[in-house]
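# Reading the structure
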Protein chains: 2
Amino acid sequence: MSRERGVAWYALLRQVRPLVLNSARVVEASLSSQGLTVGMRAVLEVLVESGDSTVPAIAARLQIARQGVQRHVDDLRARGYVGVRANPAHRRSVLVAATGPGAEAMRRIREDELSALSALAPGCTREDIEVAVRVVSALNDEIRQLAAGGRP
Amino acid sequence: MSRERGVAWYALLRQVRPLVLNSARVVEASLSSQGLTVGMRAVLEVLVESGDSTVPAIAARLQIARQGVQRHVDDLRARGYVGVRANPAHRRSVLVAATGPGAEAMRRIREDELSALSALAPGCTREDIEVAVRVVSALNDEIRQLAAGGRP
């Protein structure tokens, strides 16, 4: 457990906050032509990937406030991208579901993003990127446990 | 520029927001015993690493609001960790500087963090972590330019 390992992790962690802020700006700019926001996109993505869900469950998954999720759900409903229905498991918490047009919008957004992403940083090989994904995932798993108060 | 590259970048980008949120929680918990916050720590770090600076310059560097930086500076002053003095270059914007105790506090915080970080995710080699740092830095550079409205 050398100090150099700590220095390398620290160098990695310093990159992530600006990456989150700047990538959210890029995504927001690209979504704005479709009248969507980063928050609406994130909620729609959860519903398309993981199926129908409640507002509290979406909030927990995205680590954003329930009020924010509720607002995004309202905005997505106004666009016809999600619908709500009674929740058989819980009377007070309706289920939110992506509609056909919502799923199709998400598919198009995703394809546009993948196409833009594939051209980025050509100096990194696909193998390099895959190492980075594995490393960042491993770090993420341990830091999530530490944040929850456990030991990794 | 294969679609698989885009998929790999996307997998990486999905990791970074939870990593930022959870690592801030871990750092906050560790700082709270010293009466410091993540924001105060970030401001102190900029001053120790890059020398005396103004509130607007610190805000730009950290991508946080000036009012937030001003509050952190006030809190750090109350602790004796920073001082302010007239700015020869700009009459209305004082220079903020880390004090000796501030620099020493930052040094201790950093050593504690490096020691905790060095033990994380032992399944990742130092070489793996260094690949990840290089990949994330390259992505960051391009996304920063895109966010600023340019092309990478």
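Remember, predicted model here, so these are calculated numbers, not experimental data.

Rules of the game
Counting from 1, residues in each chain are numbered in the order their sequence is written. Labels are handed out in written order, letters beginning with A for the chains and numbers beginning with 1 for the ligands. The predicted origin of the model limits local features to residues at a pLDDT of at least 70 and limits the giving and counting of side-chain atom pairs to 80 or more, whereas totals for whole chains, interfaces and linings rest on all residues. Processing note: side-chain calculations cover all non-hydrogen atoms of the structure and skip hydrogens and water entirely. Each helix is a run of H or I in the DSSP string that is no shorter than four residues. Each strand is a run of E no shorter than two, and both are numbered from the N terminus. By the convention used here, residues are in contact when the closest approach between their heavy atoms is within 4.5 Å. Residue exposure ignores everything except the shown protein chains as possible cover, and the areas themselves are Shrake-Rupley values with a 1.4 Å probe. Positive charges are assigned to Lys and Arg, negative charges to Asp and Glu, while His and the chain termini are left out of the count. Where a charge sits is defined by one atom per residue type, namely NZ (Lys), CZ (Arg), CG (Asp) or CD (Glu). Every case where a carboxyl oxygen of Asp or Glu lies within 4 Å of a side-chain nitrogen of Lys or Arg is listed as a salt bridge. Each residue gets one of three labels from its accessible area relative to the maximum for its type: buried under 20%, exposed over 50%, partly exposed in between, using a 1.4 Å probe on protein chains only. Here, the term nonpolar core denotes a set of buried Ala, Val, Leu, Ile, Met, Phe, Trp, Tyr and Cys residues that are joined through side-chain atoms within 4.5 Å.

## Describing the overall build of chain A
- Helices and strands together make up the secondary structure of chain A, namely six helices and two strands.
- The order of helices and strands in chain A, counted from the N terminus, is α-α-α-α-β-β-α-α.
- Principal axes of the C-alpha set define a box for chain A whose edges measure 55 × 40 × 20 Å.
- In chain A, the share of contacts with a sequence separation of at least 24, taken over all contacts with a separation of at least 6, comes to 48%.
- Counting only carbon and sulfur atoms, one obtains 53% of the accessible surface of chain A, whose full area is about 7600 Å².
- Within chain A, one finds 21 positive and 16 negative side-chain charges whose respective centroids are separated by 8 Å.

## Notes on the pattern of salt bridges
- Here the structure, examined in full by the defined rule, presents 26 salt bridges over all chains.
- Among the ionic pairs, R85(A) bridges to D52(A), the shortest N-O distance being 2.5 Å. A residue pair is termed long-range when its members are at least 10 positions apart, and R85(A) in strand β1 (residues 82-85) and D52(A) in the loop between α2 (38-50) and α3 (55-62) qualify at 33 residues.
- Take D52(A): its relative accessible area is 38%, and that puts it in the partly exposed class.
- A salt bridge links R108(B) to E104(B); its shortest N-O distance comes to 3.6 Å. Here R108(B) and its partner E104(B) are both found in helix α5 (residues 100-118), four residues apart, which amounts to about one turn of the helix.
- Judged by relative accessible area, R108(B) falls into the partly exposed class, the value being 37%.
- The partly exposed category is assigned to E104(B), whose relative accessible area is 32%.
- Taken together, the shared-partner salt bridges in this structure form one network comprising R14(A), R41(B), E45(B), E49(B), R110(B) and E113(B).

## Observations concerning the nonpolar core
- Counting 43 residues, the largest nonpolar core has W9(A), L12(A), L139(A), W9(B), L12(B), V135(B) and L139(B) as its most contacted members.
- Those elements that provide at least two residues to this core are α1 (3-32), α5 (100-118) and α6 (126-147) of chain A together with α1 (3-32), α5 and α6 (126-147) of chain B.

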